[in-house]
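Structure at a glance
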Amino acid sequence: MPELPEVETIRQYVEQHSAGKTIETVRLLLPRLVKNASPETLIRTLTGVTIENVSRKGKYLFLHVSGNTGLLIHLRMTGSLLYQEQYEPVRGEQIIFSLNEGCLIYRDIRTLGCLWLVPAQGATGISGYDTLGPDGNSPAFTEAYLRDALAKTKRSVKTFLLDQTRVAGLGNIYTDEALFHAHILPQRPCCQISPAECHQLYEAIGMVLNQGLRHGGTTIRNFINGSGKEGENQKFLCVYGREGLPCRTCGTVIAYTKLGGRGTHYCPHCQK
DNA sequence: ACTATCCTGAGT
DNA sequence: ACTCAGGATAGT
């Protein structure tokens, strides 16, 4: 579910409301969500610490706490992190951190999310995290970098954009949207993309991510932000979830196919 | 480059 | 009852 804009929306709210507060108790209702520590270790390590800040890299959230410790969180499909002033049970809640003021709740309907206890500085040893490429809307992600990376591979541009080690933060929704705005078909081999198209793609990636962020994320099924509200960006999607509907630009029916096992949406007229 | 896999819930 | 879902990884 959550891609960069959704995770960043959650990060901002959670950091604003939990930084400087102390974790008084930890209730872990589903221990298998924690991948590299026993329930006892997690609870012992996090009880009594102060939340310093919350950062994000790609789709990972990183809760930095006192004592050179961090809690790394990947929300996968349906995870979310909520802050509440007053504890109120929510559907699918799995971990409850009671703070000296309010509480943080990790909730995850499909329970596919992952949490790891990591050092606050240096490498985490978590494979997906340490190998992340630059965020798609960050200055580290440059057009020259994208052009070089595309030239090196002949796999489809959609598969490339979903590869978090190349560019971080794009999932199935923003990938399809970026390719629409760049006028590039998802199945195009990367090495056949022209410099002009690469420029369009570079601009489109930044644009769709920042637009998603401005609209507080995309809610298709069950994304909710840190305060439990839905995003607004679904109203602005051009292709994702619009198969069979007319293209907003040219009126051609939006097509649907499977690419690398993922549902893929595109306009057969606007995208070449 | 595929497929299966971890899960639950919604839609058909 | 069956298929599908916004992610990532391990296996072939």
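As shown above, the structure is provided for reference.
Everything quoted here is computed from the prediction, not taken from an experiment. (Residues numbered from 1 in each chain as written. Chains lettered and ligands numbered in written order. Predicted model: local features only at pLDDT ≥ 70, side-chain atom pairs only at ≥ 80, totals over all residues. Heavy atoms only, no water.)

Within chain A, the secondary structure is distributed over seven helices and 10 strands. Computed over C-alpha atoms, the radius of gyration of chain A comes to 20 Å, within 12% of the 19 Å expected from 2.2 N^0.38 for 272 residues, which places it in the range of a compact globule. By principal-axis analysis of the C-alpha atoms, chain A measures approximately 55 × 35 × 30 Å. Residue pairs in contact within chain A that sit at least 24 positions apart in sequence constitute 63% of those at least 6 positions apart. (Helix = DSSP H or I, 4+ residues; strand = E, 2+ residues; numbered from the N terminus. Rg over C-alpha atoms; globule rule 2.2 N^0.38 Å. Contact = heavy atoms within 4.5 Å.)

Pairing is antiparallel across the open sheet formed by four strands, whose spatial order is β2-β3-β4-β8. Every other strand in the sheet has two partners, leaving β2 (51-57) and β8 (114-119) as the edge strands with one partner each. Between one strand axis and the next, the sheet turns by 20 degrees as a mean value, whatever way the strands run. Packed on one face of the sheet, helix α1 (residues 4-18) meets β2 and β3 (60-65) and runs near 170 degrees to β2. (Pairing = 2+ DSSP bridges. Axes fitted to C-alpha atoms, helices over the stretch in contact; angles between N-to-C directions.)

Let us look at the sheet that holds strand β7 (residues 103-108). A sheet is described by the order of its strands in space; here four strands give the open sequence β1-β6-β7-β5, paired in antiparallel fashion. Since the sheet does not close on itself, it has two edges, and those belong to β1 (23-28) and β5 (79-84), each with one partner. If you compare each strand with its neighbour and ignore which way they point, the axes differ by 15 degrees on average. Judged from the six bridges that link them, β5 and β7 form a sheet pairing that is antiparallel. What sits directly across from Leu 81, in β7, is Tyr 106. Strands in contact with α1 are β5, β6 (93-99) and β7; relative to β5, the strand with the most contacts, it is inclined by about 30 degrees. Each of β1 and β6 is contacted by helix α2 (residues 39-46), which is oriented at about 165 degrees to β1, the strand it contacts most.

Right, let's talk about the packing of aromatic side chains for a bit. Scanning all chains against the criterion turns up five aromatic pairs. An angle of 35 degrees between the planes, with centres 6.0 Å apart, marks the rings of Tyr 60 and Trp 116 as tilted. With a gap of 56 residues between them, Tyr 60 in strand β3 and Trp 116 in strand β8 connect regions that are remote in the sequence. Judged on exposure class, the residue Tyr 60 and its partner Trp 116 are both buried. (Phe/Tyr/Trp six-rings, centres within 6.5 Å; stacked < 30°, edge-to-face > 60°. Buried < 20%, exposed > 50% of the residue type's maximum accessible area, 1.4 Å probe, protein only.)

Attention shifts here to the protein's contact with DNA strand C. In the vicinity of DNA strand C there are 21 residues, among which His 74, Arg 76, Arg 221, Tyr 256 and Arg 262 approach most closely. Close to the protein, within 4 Å, the atoms of DNA strand C belong to sugar or phosphate groups at a rate of 59%. Take Asn 172: an N or O atom from its side chain is 3.0 Å from a phosphate oxygen of DNA strand C. In this structure, Ile 220 approaches DNA strand C through a main-chain N or O atom, which is 3.5 Å from a base nitrogen. Tallied by class, the residues present in the surface near DNA strand C amount to seven nonpolar, seven polar and seven charged. (Near = heavy atom within 4 Å. Polar contact = N/O pair within 3.5 Å; in protein donor to acceptor, adjacent residues only side chain to side chain. Nonpolar A, V, L, I, M, F, W, Y, C, P; charged D, E, K, R; others polar.)

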